[in-house]
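What the coordinates show
Next come the chains, spelled out residue by residue.
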Amino acid sequence: MKKIDKKKDIGNLKHIAFIMDGNGRWAKKRGLPRNVGHKFGYEKMKVVLKRCCELGVPVVSVYAFSTENWNRSKEEVDAIFGIVRDNLVADTPLFQEWNVKISTMGDTSKFPKDLQDALSDIKKSTESNTGTILNLCINYGGRADVCYAVNQVLAKKLAKVTEEELGKHLYGANLPDPDLIVRTSGEQRMSNFLIWQGAYAELLFLKQNWPSMSPKLVDSCITKFKKRNRRFGRVK
Ligand code: IPE
Ligand code: IPE
Ligand code: MG
C-alpha cells in the first residue's frame, strides 16, 4: 500500500482483532453450503485488510480457526484448511503489493503438511514487509496460549510467574495487545480468543455476518472506538 489515507484518523488504534463469525449463517440464508460461506469469508478478510492497510492500522488479527473448531465435521475442517492454503498462496503477490507482513498465532503443527508449508512460505516471503501485520489466529485458543506460555516459564525453572514474564512467552509476544476486538454475527462472546492479551480491549459486536463486512463498516468500527473512554482503572 503506497499511500495511507490520512483523511481518516485512527486515533490510538494499534491493533484491531476480528472474530470473523457468521460464515455458515450467511451461506444458509442464501441456500448455499457452509463452505461457500467460508470462501466468501476469506474474500471479505482481504477487503477488511485492505481498508486497514489504507488507514495505516499497524496490526490486524483475524480469528480463522479456534482450538474448538476441531469439533466440526472433517469435511468442514478440511474445507477451511483448503481455503486458507490455496488463497494464501494465490494472494501472496497481493500481500507483497500491500506491503503486508503475515504472522500466525496458534499451534500449526497439527495441520496437514501442505497447509504448514503454505503458512511458513508466506511468513517467510513477507517477513521484510513494513506495512500492516496480518496476524492469522489459526488453531488458536486463549487457554492453550496461556498454557503454552506457562510451560515455557516452567521449563526455565523460575520460582514464580509474573505477568511480564508470562507475557513474553505468549503467542504474538512481539505484538501490541489488541485495542479493539470486533465480533460479527450478533454473538456476544469471546469464544476463547485472546483472553490474556484482550484483557483491556474495547469490544464491539456487529449484527452483520462476516461475509457482509465492508470498508465502511471498518471505518465505523474505528469511529466508535475513538469515542470510547479508555480508563485502564484510572479516574478521568
Ligand atoms: C466463522 O463462521 C468461521 C469459522 C469459525 C471458521 P462460522 O462457521 O462459525 O459461521 P456460523 O457461526 O456457523 O454462522
Ligand atoms: C469463533 O467462532 C471462532 C472463529 C471465528 C474462528 P465460532 O463460531 O467457532 O464460536 P462459537 O462456537 O459460536 O462460540
Ligand atoms: Mg460461528
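Since the structure is predicted, the reported quantities are computational estimates derived from the model, not experimental observations. The numbers attached to residues start from 1 for each chain and follow its sequence in the written order. Each chain is given a letter, starting from A, and each ligand a number, starting from 1, according to the order in which they appear as written. The predicted nature of this model means local features are confined to residues of pLDDT at least 70 and side-chain atom pairs, given and counted, to a pLDDT of 80 or more, with totals for whole chains, interfaces and linings taken over all residues. Hydrogens and water are ignored here; the side-chain numbers use all heavy atoms of the structure.

The next subject is the overall build of the protein. Helix and strand assignments come from DSSP, with helices taken as H or I runs of at least 4 residues and strands as E runs of at least 2, each series counted from the N terminus. Looking only at helices and strands, the protein has 8 helices and 6 strands in total. Listing each helix as α and each strand as β along the protein from the N terminus yields β-α-α-β-α-α-β-α-β-α-α-β-β-α. Since a compact globule built from 236 residues should have a radius of gyration of about 18 Å, the 18 Å found for the protein is in line with a globular shape. Exposure classes here rest on a 1.4 Å probe applied to the protein chains alone. A residue is buried below 20% of its type maximum, exposed above 50%, and partly exposed in between. Each of the 236 residues in the protein was classed as buried or not, and the buried ones make up 49%. At a minimum sequence separation of 6, the contacts of the protein that also span at least 24 residues come to 77%. Once the 41 positive and 26 negative side-chain charges of the protein are each reduced to a mean point, those two points are 6 Å apart. Only C-alpha atoms enter the radius of gyration, while the globule expectation follows 2.2 Å times N to the 0.38, with N the number of residues. Contact definition: two residues touch when any of their heavy atoms are within 4.5 Å. Counting rule for charge: Lys and Arg are taken as positive, Asp and Glu as negative, and neither His nor the chain ends is counted. In plain terms, the charge of a residue is placed at NZ if it is Lys, CZ if Arg, CG if Asp and CD if Glu.

So, on to the pairing of strand S1 (residues 15-19). Counted residue by residue, S1 has 5 buried out of 5 residues, so it is predominantly covered. At least two bridges found by DSSP between two strands are what make those strands a pair. Of the strand pairs in this sheet, S1 and strand S2 (residues 59-66) are connected by 5 bridges, and their pairing is parallel. Paired with Ile-19 across the strands is Tyr-63, a residue of S2. As defined by bridge partners, S1 adjoins strand S5 (residues 180-183) across 4 bridges and the pair is classed as parallel. Bridge pairing in S5 places Phe-18 opposite Val-182.

Around ligand 2, the surrounding shell consists of Ile-19, Met-20, Asp-21, Tyr-63, Ala-64, Phe-65, Asn-69, Arg-72, Arg-183, Arg-189 and Ser-191. In protein, a polar contact requires one atom able to donate a hydrogen and another able to accept it; more generally it is a pair of N or O atoms within 3.5 Å, and residues adjacent in sequence count only if both atoms are side-chain atoms. Between Arg-183 and ligand 2, the recorded distance is 3.3 Å, taken from a side-chain N or O atom to an oxygen atom. Note on areas: these come from Shrake-Rupley sampling with a 1.4 Å probe, and a residue is covered only by the protein chains present in the view. Isolated, ligand 2 exposes 390 Å² of accessible area, and the fraction of that covered by the protein chains is 77%. Looking at which element gives the most residues to the shell around ligand 2, the answer is S2, with 3 residues. Near residues are defined by distance, with any heavy atom within 4 Å of the molecule or strand qualifying the residue.

Looking now at helix H8 (residues 215-227). An α-helical turn contains 3.6 residues, so any two residues separated by three or four positions project in the same direction. One fewer than the residue count of a helix, multiplied by 1.5 Å, yields its expected span. With 13 residues, H8 extends 19 Å from end C-alpha to end C-alpha; this agrees with the ideal 18 Å at 1.5 Å per step. For H8, every residue scored as buried is listed here: Leu-217, Val-218, Asp-219, Cys-221, Ile-222 and Phe-225. Buried residues belonging to H8 abut helix H2 (34-55), S5 and strand S6 (202-205).

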